[in-house]
Amino acid sequence: MKDMKRPGPFPFSAIVGQDEMKRAMVLTAIDGGIGGVLVFGDRGTGKSTAVRGLAALLPEIDAVAGCPVNSEFVSDVPDWVTLLDANTVAKPTPVIDLPLGATEDRVVGALDIEKALTKGEKAFEPGLLARANRGYLYIDEVNLLEDHIVDLLLDVAQSGQNVVEREGLSIRHAARFVLVGSGNPEEGELRPQLLDRFGLSVEVESPKDLDVRIDVIRRRDAYDRDALSFCADWDGADAELRARIVDARKRLPTVEADDAIIRDCATLCVALGSDGLRGELTLLRAARALAAFDGDAEVSRKHLRLVAPSALRHRLRRDPLDEAGSTTRVMRVVEEVLG
Amino acid sequence: MSAAEARWHSVNLAVACFALDPASFGGISVRARVGPVRDRFEAGLKAALDGLPLRRMAPSMSDEALYGGLDLTATLETGALHRTHGLLDLPGTLLMPMAERVEPGLAARLATALDQHEDLSLVAFDEGAEPGERTPSALLDRLALHIDLTEHGLSDAPDLEINAAALAEARAGLSKVKVAPEAVAEIVTVAARLGVDSLRAPLLALAVARASAALSGAEQVEEPDLLLAVELVLAPRATQMPEQAEDHADDTPPPPPSESTPEDQPDTEPSVDEFPTDILLEAARAMIPVDLLARLAAGKVNRTPSGLGSGAKRTGNRRGRPLPPRAGKLGGGARLDLVATLRTAAPWQTIRRKLTGDATRIHVRASDLRIRRYQEASDRAIIFVVDASGSSAMARLAEAKGAVELLLAEAYARRDHVALVAFRGEGSDVLLPPTRSLVQTKRRLSSLPGGGGTPLASGLKAALELAGLARGKGMTPSIALLTDGRANVDLSGAANRAQAAEDATTMARFLRSEGVPGLVIDTGLRPTKGLDGLAQEMGAPYLPLPRADGRSLSRAVDAALTP
């Protein structure tokens, strides 16, 4: 861990088990429009590890070198930016941490204090939302985030635009990002409005199988001892996964979903009584991304079955008289509808 | 070596291990009140850390103190940007007294910092008196070494033996220590048998075993090292006695498709010859804290969402604990935070002076205004649900009435609202809607009817409705059920014992899922059958309190519903 060469994070492919979480993250990497992942679960189950690993796994993006919001083309660079370097370079996909203590100014951006004081110039210092554009915004312990920051995030996530208006500073820039939140439900629930914004939600728990647990510890220990060689060992697996993601992105527009599948989506959502149409849309998008990832030409019930729990479990109305958790309820309905 | 000496020796070893590489252990959780034993521990820790920075922090620290912020004075003076350093920016060991009072928000921030900074560690002094008063589990999970000093008298706690030269030598040897694959399997197995779910625990235990081996100059982790790791890391985290592990594994359906399990058993058994699990488990059993059961009970009750009726947190602008100020408009009773406002305005001064040409005054604009915010606990609403059926109804109602009046007498200071629901015959009546008025209570409760069947479900239903109403008014409801009987009237009012019991269970589950904390008081002379089960369904503590008078009742309710 204390190597001077700064080894990469724990490789995504080396994470043992937690297939649903890994799948959900890969799906958002294929289709950013799915709308984020919420990972809820026990402590020490590798939630943060997976996000950090994902950052290293994702393919690079082409962006204008001097642009603070990672614009792809010079024409997209916001007008308040003085572009020093207009070359297009390959940058790693941004995965930005939103720490719990972040102030509003730090999130949306604010007056550049240094320039204001020393030169008396009004300049904008971009915030975390700017840096997360075209990438991921990661919030650990999302359920403990202050309410006004949550409101602000919802607003930006909805519009894809960050707008800052202050006394002669009128700034707007694109802020399209995949929201990844993680948390421990014992420390507080999440507001339904925010829940609904996450496309997929995953519940993780510590593996119960002893051999799996031993495997987890062995790998983590090996990484902690010698991160460089451990990462090198897993480079191949990560590269393979990266290639599959890139491939799936290309194939995504050609994946077909026939009327029967769309009907299945709707039937599932009606049977579960999920509010609004976001459930159907997400379910279909996620299933399509999975089909692309699997190399299938069209969406089938197999894909629906795999993504339905992640896409729907956080959209159910709470039924206090039903003892079963929401996962079981979704699975039950999936059995009934899809057979 | 006596038992006490052996324990103190382990404490000594723990400090020595920690000092080898503080950050890799996350830190130490020390359960100890302020006193000479703790002072000796701290002195030993300081000596062991040998000059590595050790900084104190407080259980309620602002984000600015943690992360640093704009140093306005220096910035304005020099005209260049200066930042103050936050506690988390600097490497070293943080020392946190009163760790049981750390708020979830701060705990989460610290936990993130411990995960991300490679040179930060935390020593948390947990001064909790009750089993339920503990350092937040988000932190406990990340601190490798858990030590309990409460049992140590001063006489069997001599100064810690710290040999700086030996530590330096061990530190150099730490990276060379090897761990046999069987030892890893061993640690994981023991953790699983002790019911330790988090996968951080076995990793931290391995780190301790390594450090212990380095301390003894060995290059390979041996049995004594594993024993120490089990004692310091795994045993304090145990959630079950290891004996129960076997049955436990048998009667819970194994969650993953477990064709592998039968094959595992013979597989793992022979391979662990070198480090027999039984020896480690035996050791762990001896080291499991005596208050494990009490702690488990406390943990279970704490698991019910939204705490135990101490009043949920609410943000207001009048009273309570200060929160960081926010931008806002004056009016509506909001108070201006003058200092924060000036801080916000400060960077703009150069610009505004240029624009207005007025360099003599401070330019403050509406957008600079910062409003004070406070976090306060909302009022409690305690809803008494009293069984007015059967023969002892009158006595019980009188007790409940006494308890209500006593609670109300203190209500002004505690901000309690009290309500009373009585159930008898075919249904239930709200005798007293949530109120703080003692006068109204006395008038309403002057005559109470009693006798008849026990429609428990109906009583709980009425209480739930009241709880919903109280929530709507911004109060935090909790429910105290007083009964000595079993339900024999169902929700429809018919005398049907089976249906009645089922309805009562359903309502109890409903209460639990709504997150209404509660307390079930059994006023029967002997424990009533099935009532503790009902309490469990409600997620509420069960309290047998035969011949309760108003005074003991109000005390019990107050104690149970205050964390």
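Residues numbered from 1 in each chain as written. Chains lettered and ligands numbered in written order. Predicted model: local features only at pLDDT ≥ 70, side-chain atom pairs only at ≥ 80, totals over all residues.

Asks: Explain the overall build of chain A residue by residue, including any values.
Replies: Along the backbone of chain A there are 13 helices and 11 strands. On C-alpha atoms alone, chain A measures out to a radius of gyration of 21 Å, which is about the 20 Å that the 2.2 N^0.38 rule sets for 339 residues. Overall, the C-alpha framework of chain A stretches about 70 × 50 × 45 Å when taken along its three principal axes. Out of the 339 residues in chain A, the part that is buried amounts to 45%. (Helix = DSSP H or I, 4+ residues; strand = E, 2+ residues; numbered from the N terminus. Rg over C-alpha atoms; globule rule 2.2 N^0.38 Å. Buried ≥ 20, exposed ≤ 12 C-beta atoms within 10 Å, placed from the backbone.)

Asks: Can you explain the sheet that holds strand 14 (residues 542–544) of chain B? Please cite residues and give values.
Replies: Residues and elements named next belong to chain B. Pairing within the open sheet is mixed, and its 6 strands lie in the order 11-10-9-12-13-14. Of all strands in the sheet, those with a lone pairing partner are strand 11 (427–435) and strand 14, marking the two edges. Here the average twist between neighbouring strands, direction ignored, is 20°. Bridge count between strand 12 (residues 476–483) and strand 13 (residues 518–522): 5 bridges; the pairing is parallel. (Pairing = 2+ DSSP bridges. Axes fitted to C-alpha atoms, helices over the stretch in contact; angles between N-to-C directions.)

Asks: How would you summarise the environment of Val307 of chain A if you had to cite specific residues and measurements?
Replies: For Val307 of chain A, the position within the fold is in helix 12 (residues 301–312). Look past the residues within four positions of Val307 of chain A in its chain and what remains in contact with it is Leu283, Ala286, Ala287 and Leu290 of chain A. (Contact = placed C-beta atoms within 7 Å.)

Asks: Kindly report on the confidence of the model for chain B, identifying the contributing residues and their values.
Replies: All names here are of chain B. Here chain B shows a mean pLDDT of 77. Residues at 70 or above account for 82%. Taken together, the stretch residues 244–273 has pLDDT below 50 and engages in 19 contacts with residues farther than four places along the chain or on a different chain. Throughout residues 298–311 the model reports pLDDT below 50, and contacts reaching past four residues in sequence, or to other chains, amount to 30 contacts. The ipTM for the predicted assembly is 0.82, set against a pTM of 0.72. (pLDDT = per-residue confidence, 0-100.)

Asks: Tell me about the sheet that holds strand 7 (residues 135–140) of chain A, and please be specific about residues and values.
Replies: Residue and element names in this part refer to chain A. Reading across from one edge, 4-7-10-1-11 is the order of the 5 strands in this open sheet, with parallel pairing throughout. Two strands close off the open sheet at either side, each with one partner strand: strand 4 (95–97) and strand 11 (200–204). For this sheet, the mean inter-axis angle between neighbouring strands, taken without regard to orientation, is 20°. Bridge count for strand 1 (residues 37–41) against strand 10 (residues 177–183) is 4 bridges, and the pairing is parallel. Its bridge partner being in strand 10, Leu38 is matched across the sheet by Gly181.

Asks: Before we move on, could you go through the domain arrangement of chain A and cite the residues and values that matter?
Replies: All names here are of chain A. For chain A, the assigned domains are domain 1 (15–204) and domain 2 (253–338). Measuring from the centre of the C-alpha atoms in domain 1 to the corresponding centre in domain 2 gives 27 Å. Opposite the 18 residues of domain 1 that make contact, domain 2 presents 14 residues. Here the side of domain 1 that touches domain 2 gets 5 residues from one element, more than from any other, and that element is helix 1 (residues 19–30). (Domains from an automatic or database assignment.)

Asks: Which residues make up the interface of chain B and chain A, and what are the values?
Replies: With 49 residues of chain B at the interface, the matching set in chain A holds 42 residues. Counting residues per element, the ones that place at least two in the side of chain B that touches chain A are helix 3 (63–67), helix 5 (104–116), helix 8 (181–193), helix 9 (200–215), helix 12 (260–271), helix 16 (349–356) and helix 21 (497–513) of chain B. With 6 residues, the single largest contributor to the side of chain B that touches chain A is helix 5 of chain B. Considering only residue class, the side of chain B that touches chain A consists of 24 nonpolar, 11 polar and 14 charged. (Nonpolar A, V, L, I, M, F, W, Y, C, P; charged D, E, K, R; others polar.)

Asks: Let's hear about the nonpolar core: which residues, and what values?
Replies: Side chains of nonpolar character tend, in soluble globular proteins, to be buried together. Within the largest apolar cluster, 175 residues are counted, with the highest numbers of intra-cluster contacts made by Leu283 of chain A together with Leu145, Ala205, Val208, Ala229 and Leu234 of chain B. Of the residues forming this core, the biggest block, 12 residues, is contributed by helix 9 of chain B. The contacts of Leu234 of chain B, once residues within four sequence positions are left out, are Val190, Ala191, Leu194, Val196, Ala201, Ala205, Ala229 and Ala284 of chain B. By size, the runner-up hydrophobic cluster in this structure holds 56 residues, among which are Ala381, Val404, Leu466 and Leu481 of chain B. (Core = buried A, V, L, I, M, F, W, Y, C linked by C-beta atoms within 7 Å.)

Asks: So, the pairing of strand 3 (residues 92–96) of chain B: which residues are in play, and what are the values?
Replies: All names here are of chain B. Summarising burial for strand 3: 4 of the 5 residues are buried, a large majority. Judged from the 3 bridges that link them, strand 2 (residues 54–56) and strand 3 form a sheet pairing that is parallel. Residue pairing for strand 3: Leu54 is matched across the bridge by Thr93. Note that strand 3 and strand 4 (residues 120–126) share 5 bridges and pair parallel. Across the sheet, Thr93 pairs through a bridge with Ser121, a residue of strand 4. With respect to chirality, the unit in which strand 3 leads through helix 5 into the neighbouring parallel strand 4 is right-handed. (Right-handed = clockwise from strand over helix to strand, strands pointing away.)

Asks: I'd love a proper account of helix 2 (residues 47–57) of chain A, names of residues and values included.
Replies: Residues separated by three or four positions in an α-helix point in the same direction, a consequence of the helix having 3.6 residues per turn. Most of helix 2 of chain A is tucked away: 10 of the 11 residues are buried. Within helix 2 of chain A, the full set of buried residues consists of Lys47, Ser48, Thr49, Ala50, Val51, Arg52, Gly53, Leu54, Ala55 and Leu57 of chain A.

Asks: Lay out unusual backbone geometry in plain terms, naming residues and giving numbers.
Replies: The general pattern is negative phi for most residues beyond glycine and trans for most peptide bonds. All names here are of chain A. For Asn70, which is not a glycine, the phi torsion comes out positive at approximately 55°. By secondary structure assignment, the location of Asn70 is in the loop between strand 2 (61–64) and strand 3 (88–91). The phi torsion at Arg134 lies on the positive side, around 65°, for a residue other than glycine. Position of Arg134 relative to the elements: it lies in the loop between helix 5 (128–132) and strand 7.

Asks: Account for the packing of helix 11 (residues 278–294) of chain A against helix 12 of chain A, with residues named and values stated.
Replies: Residue and element names in this part refer to chain A. At a minimum axis distance of 9 Å, the contact between helix 11 and helix 12 shows a crossing angle of 135°. With respect to their mutual orientation, helix 11 and helix 12 come out oblique. Considering the relative orientation of helix 11 and helix 12, their crossing is right-handed. Contacts between helix 11 and helix 12 involve Gly279, Thr282, Leu283, Ala286, Ala287, Leu290 and Ala291 on the former and, on the latter, His303, Leu304, Leu306, Val307, Ala308, Ser310, Ala311 and Leu312. Residue composition of the contact of helix 11 with helix 12, grouped by class: 11 nonpolar, 4 polar and no charged. (Parallel < 35°, antiparallel > 145°, perpendicular 65-115°, else oblique. Left-handed = near helix turned anticlockwise from the far one by under 90°.)

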